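The lines below spell out each chain.
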Amino acid sequence: MSTTTAPSAASGSSEPFRHSPPVASSEALRLTPADRRALLHYMLLMRATEERALSLYRQGKVPGSFYDGRGQEAVSVGSAFALGPRDRACILHRDLGAHLIRGVDPGRVLAQMMGRAGSITGGREGNMHFGDRRLGCVGMVSMLPDMMLVACGLALAFQMRGEQRVAMTWCGEGSTANGQWHEAMNVAGVRRLPVVFILENNQFAYSTPNDLEFAVDPVERAGAYGFAGVKVDGNDVEAVFAASAEACERARSGGGPTLIECETMRMHGHGAHDDMRYVPRELFEHWAARDPIDRYEAGLREQGVDTDAMRAAVKSELDEAADWALAQDMPDPATASEGVFADREPVLGDGRAPWSRWEEAADA
Amino acid sequence: MPETTYLQAISDGLREEMRHDDTVFCLGEDIGAFGGAFKVTDGFIEEFGGRRVWDTPLAESAIIGTAVGAAVEGLRPVCEMQFADFIACGFDQLVNVAAKMHYRQGLPVPLTVRLPSGGGFSGGPFHSQNPEAWFLQAPGLKVVAPSTPADAKGLLAAAIRDPNPVVYLEHKHLYRRAKGEVPEGRYEIPLGKARLAREGTDLTVIAYGAMVPLALEATEDMAGARVEVLDLRSLVPLDHDAVLASVRKTSKVVVLHEATRSCGVGAEVAALIAEEAFEDLDGPVVRVSAPDVPIPFSPPLERAVLPQVDDVREACRELLAY
Ligand SMILES: Cc1ncc(C[n+]2csc(CCOP(=O)(O)OP(=O)(O)O)c2C)c(N)n1
């Protein structure tokens, strides 16, 4: 597995549609051994957090519905790992890994799902419709893919102020059929915005398969909007990272947007209520054999990493997180009408950026 | 004080905010080289350049959506819909993304959306609408509708400086017809404060936007009756105190708007009065508005639908006699 080659070579599963020349030296985009452990850690943390959340849901402690990103961990982790502290993100519903990387604690995620006061939105929002503004995330709305346009606006602000910053957002392949997807692609292309679109093709939009969603693979549309489209194996965390890091470099250096299609599979139902009866067994098994965590973990073990210890650490982090979340109060009903209007200015904080490159940048 | 048109006052207000605060920028269709369909931004691109005066593609969701993103990053976008009617195409970004942002995640969205609204010039069903009531059902949006040049400038400044998304309805009929003295320099008319357009004792007409001058004209000579005209200026927040104070004074109310009737601002004002000032009334609250039909194109049809001077006068006469 190589992190320094272009995404076209990293994946093997599919050929890229179009690939702009590399914008940064491969040296600048390298991963250290600690970075690799971090990639595995965040994938493990995402899965463990969602598994814990699902068991809380089954215990009746999570009101409403439940959605997760099982099988897609490499996408959100690999892409968000490329972000610098001052970059901004609009994170979608299968991308818990991106929240965790940016610095959201698993305990606050569990509290969020349970509608507790100590959660990220204090009970205003449930399951995955959240974003921690203090960590530079503008939380998603349900309507897909509205956040692509919001991300364009973040990028527009960076561009207008002459800042070398990137806005990243995610979308499912289902939402590529919606008009706002096209408006966002067009605006990003026309203004050459420093925005990175991560398209997660997890084979289904709810129950609707690719062949009922589009006539042309959406990654091919990027060229029509005037910018680069890249397709990678979405179950290969380093391939996703390499494509994302390069796209961020391109955006920072004025090279405009990138669309990265990550080919993956949603390994749970659309929500916990969905039995996936529409998924052909062979398809499911094909992807089950390519689990992004198992694959990556095997590689690191070969390199001598004690992944059992990493798993144990994640498990105890989740035990503590769940205890903390369950101890949080429910919100006070008297506050339900508060905060409809703002009386202060917006402030988006910076996110955590665990990639070693940013530590080096800070040290320099 | 110099006399200016309503249109010029909006233009001046926007220009002054842009000169004073370099985070303010405007975006919309044909607002650059052409200066906007109604010329509000005439000369802006020459003064501020193409970055701060962004001629966008024809894409209303993109206009509102990118403005939301820029706003949460600390800029103050002012979006122009070419006609108010086209807000329907950007509605989702406004009511789902912008309006709910602060409630859901504590993130303010200082965004202004300018809506050239209203009929009376054969614009037909898609260039004549008064969509304000759509926004009253979207908590998190503020809604203003100035009726005079001075208010147009001051309310625009307040809208731009407010940390919330504000829908700013500018009535097209007033653009070149409404003239008045406008203070020079920057000033704000606070959001949520109504204005007594004329004091009276016998009946109150509550109106906003282009219906304020219509109300003044219709009730100028009412056979000795002194009719008060209250200009709401802001629909959200609605100035409850001003409405109730006027009802307590005159005890008779006509609510007048150009928008269609059902569940409109008139219905809201009438309900407020019924709840809070029932005992003060000496007659039913009367609504004068467009009926619940699209705005037709042909002049006689359009006149039949939009409130006219005679409709207002008749409604007032009947209520005074009640
Ligand atoms: C505009 C819009 N219509 C309908 C829905 C309801 N809905 C929620 S998720 C979903 C499927 C989304 O599929 P995709 O974009 O591929 O993302 P995935 O859930 O597979 O990650 C649908 C139809 C929605 N959220 N937004």
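Analysis parameters
Residues numbered from 1 in each chain as written. Chains lettered and ligands numbered in written order. Predicted model: local features only at pLDDT ≥ 70, side-chain atom pairs only at ≥ 80, totals over all residues. Heavy atoms only, no water. Helix = DSSP H or I, 4+ residues; strand = E, 2+ residues; numbered from the N terminus. Rg over C-alpha atoms; globule rule 2.2 N^0.38 Å. Buried < 20%, exposed > 50% of the residue type's maximum accessible area, 1.4 Å probe, protein only. Contact = heavy atoms within 4.5 Å. Areas by Shrake-Rupley, 256 points an atom, 1.4 Å probe, with all protein chains shown as cover. Lys, Arg positive; Asp, Glu negative; His and termini not counted. Charge placed at Lys NZ, Arg CZ, Asp CG, Glu CD. Buried area = accessible area lost by both parts, 1.4 Å probe. Salt bridge = Lys/Arg side-chain N within 4 Å of Asp/Glu carboxyl O. Polar contact = N/O pair within 3.5 Å; in protein donor to acceptor, adjacent residues only side chain to side chain. Nonpolar A, V, L, I, M, F, W, Y, C, P; charged D, E, K, R; others polar. Near = heavy atom within 4 Å. Pairing = 2+ DSSP bridges. Axes fitted to C-alpha atoms, helices over the stretch in contact; angles between N-to-C directions. Domains from an automatic or database assignment. Right-handed = clockwise from strand over helix to strand, strands pointing away.

*Asks:* Would you explain the overall build of chain A in this entry?
*Replies:* For chain A, the count of helices and strands is 14 helices and seven strands. Relative to the globule expectation of 21 Å for 364 residues, the C-alpha radius of gyration of chain A, 19 Å, shows essentially globular dimensions. If one aligns the C-alpha atoms of chain A with their principal axes, the spans along those axes are about 55 × 50 × 50 Å. Within chain A, the proportion of its 364 residues that are buried is 59%. If you take every contact in chain A between residues at least 6 apart in sequence, the share linking residues at least 24 apart comes to 78%. Summed over its atoms, the accessible surface of chain A is roughly 13,600 Å², and 50% of this surface lies on carbon and sulfur atoms. Across chain A, the 37 positively charged side chains and the 51 negatively charged ones have centroids separated by 3 Å.

*Asks:* What is the right way to read the interface of chain B and chain A from this model?
*Replies:* For an interface, size is often stated in terms of accessible area lost upon the parts coming together. Counting residues at the interface gives 42 residues for chain B, matched by 44 residues for chain A. Summing the contributions of chain B and of chain A, the shared interface buries around 3,600 Å²; its carbon and sulfur component is 60%. Summed over the shared surface of chain B and chain A, the number is five salt bridges. For Arg165(A), the salt bridge goes to Glu73(B), with nearest N and O atoms at 3.2 Å. Taken together, the connections running from chain B to chain A amount to 24 residue pairs in polar contact (both at pLDDT 80 or more). Looking at the side of chain B that touches chain A, the elements that each hand over two or more residues are helix H2 (44-52), helix H3 (60-72) and helix H4 (91-105) of chain B. The biggest single contributor to the side of chain B that touches chain A is H3(B), with 10 residues. Tallied by class, the residues present in the side of chain B that touches chain A amount to 20 nonpolar, 13 polar and nine charged.

*Asks:* Would you mind going over the site of the ligand with me for this structure?
*Replies:* Residue and element names in this part refer to chain A. The full set close to the ligand counts 15 residues, and His-93, Arg-94, Ser-142, Gly-174 and Asn-202 are the nearest of them. At 2.9 Å, a side-chain N or O of Asn-202 approaches an oxygen atom of the ligand. Notes on the ligand: free accessible area 570 Å², of which the protein chains cover 70%. Partitioned by chemical class, the residues of the shell around the ligand number five nonpolar, eight polar and two charged.

*Asks:* Which parts of the structure should I look at to understand the sheet that holds strand E5 (residues 111-117) of chain B?
*Replies:* Residue and element names in this part refer to chain B. Spatially, seven strands are ordered E3-E2-E4-E5-E7-E6-E12 in an open sheet, and the strand pairing comes out mixed. Because the sheet does not close on itself, it has two edges, and the strands there are strand E3 (53-55) and strand E12 (234-236). On average, adjacent strands in this sheet sit at an angle of 20 degrees to one another, irrespective of strand direction. Bridge count for strand E2 (residues 24-28) against strand E4 (residues 76-80) is five bridges, and the pairing is parallel. From the neighbouring strand, Gly-28 faces E4, where its bridge partner is Glu-80. This element, helix H1 (residues 6-20), spans E2, E3, E4, E5 and strand E7 (165-171) of the sheet and lies at about 150 degrees to E7.

*Asks:* Explain the pattern of salt bridges to me, please; I cannot follow it from the model alone.
*Replies:* Think of it this way: side chains of opposite charge can pair up when their charged atoms draw near. Inspection of the entire model under this criterion finds 48 salt bridges over all chains. Among the salt bridges present, the one from Arg52(A) reaches Asp319(A), with a minimum N-O distance of 2.7 Å. Here the residue Arg52(A) occupies a position in helix H2 (residues 33-58), and Asp319(A) occupies one in helix H13 (residues 307-326), the gap between them amounting to 267 residues. Among the residues examined, Arg52(A) registers a relative accessible area of 21% and is labelled partly exposed. One salt bridge in this structure joins Arg317(B) and Glu314(B), with 3.1 Å as the shortest N-O distance. Residue Arg317(B) and its partner Glu314(B) are both found in helix H12 (residues 309-321); the two are separated by three residues, about one turn of the helix. Taken together, the shared-partner salt bridges connect Arg88(A), Arg161(A), Glu163(A), Arg165(A), Asp350(A) and Glu73(B) into one network.

*Asks:* Would you mind going over the domain arrangement of chain B with me for this structure?
*Replies:* Residues and elements named next belong to chain B. Here chain B is described as being made up of domain 1 (3-181) and domain 2 (195-320). Between the C-alpha centres of domain 1 and domain 2 the distance comes to 26 Å. Taken together, the contacts link 25 residues of domain 1 with 24 residues of domain 2. Overall, the association of domain 1 and domain 2 removes approximately 1,900 Å² of surface from exposure, summing both partners, and the carbon and sulfur fraction of that is 59%. Along the contact surface separating domain 1 from domain 2 lie two salt bridges. The partner of Asp-151 in a salt bridge is Arg-195, with the nearest N and O atoms 3.4 Å apart. In this assembly, domain 1 and domain 2 are joined by 16 residue pairs in polar contact (both at pLDDT 80 or more). Looking at the side of domain 1 that touches domain 2, the elements with two or more residues in it are helix H5 (132-136), strand E6 (142-144) and helix H6 (149-161). By residue class, the composition of the side of domain 1 that touches domain 2 is 11 nonpolar, 11 polar and three charged.

*Asks:* What's the story with the pairing of E4(B) in this structure? I'm lost.
*Replies:* Two faces make up the sheet, and in a regular strand the side chains alternate between them. Residues and elements named next belong to chain B. Within E4, five of the five residues are buried, which leaves the element mostly enclosed by the surrounding structure. Going residue by residue along E4, you find Arg-76, Val-78 and Glu-80 tucked away on one face and Pro-77 and Cys-79 tucked away on the opposite face as well. For E4 and E5, the ladder comprises three bridges, and the chain directions are parallel. Each bridged residue has a counterpart across the sheet, and for Glu-80 the counterpart in E5 is Arg-114. Handedness of the crossover is the feature at issue here: the chain leaves E4, passes through H4, returns alongside E5, and the resulting connection is right-handed.

*Asks:* Honestly, unusual backbone geometry in this entry has me stumped. Any pointers?
*Replies:* Trans peptide bonds make up the majority, and among non-glycine residues the majority have a negative phi. Cis geometry marks the peptide bond from Leu144(A) to Pro145(A); its omega dihedral reads 0 degrees. Turning to its location among the elements, Pro145(A) is positioned in the loop between helix H5 (106-113) and helix H6 (146-160). Following Val236(B), the chain continues to Pro237(B) via a peptide bond in cis, the omega torsion being -5 degrees. Mapped onto the elements of the fold, Pro237(B) is located in the loop between E12 and helix H9 (240-250). Unusually for a residue other than glycine, Lys39(B) sits at a positive phi of about 75 degrees. Within the element layout of this structure, Lys39(B) appears in the loop between E2 and H2. By relative accessible area, which is 30% here, Lys39(B) ends up partly exposed. The phi dihedral of Cys263(B) falls on the positive side, at around 55 degrees, and the residue is not glycine. Structurally, Cys263(B) is set in the loop between strand E13 (253-260) and helix H10 (265-276).

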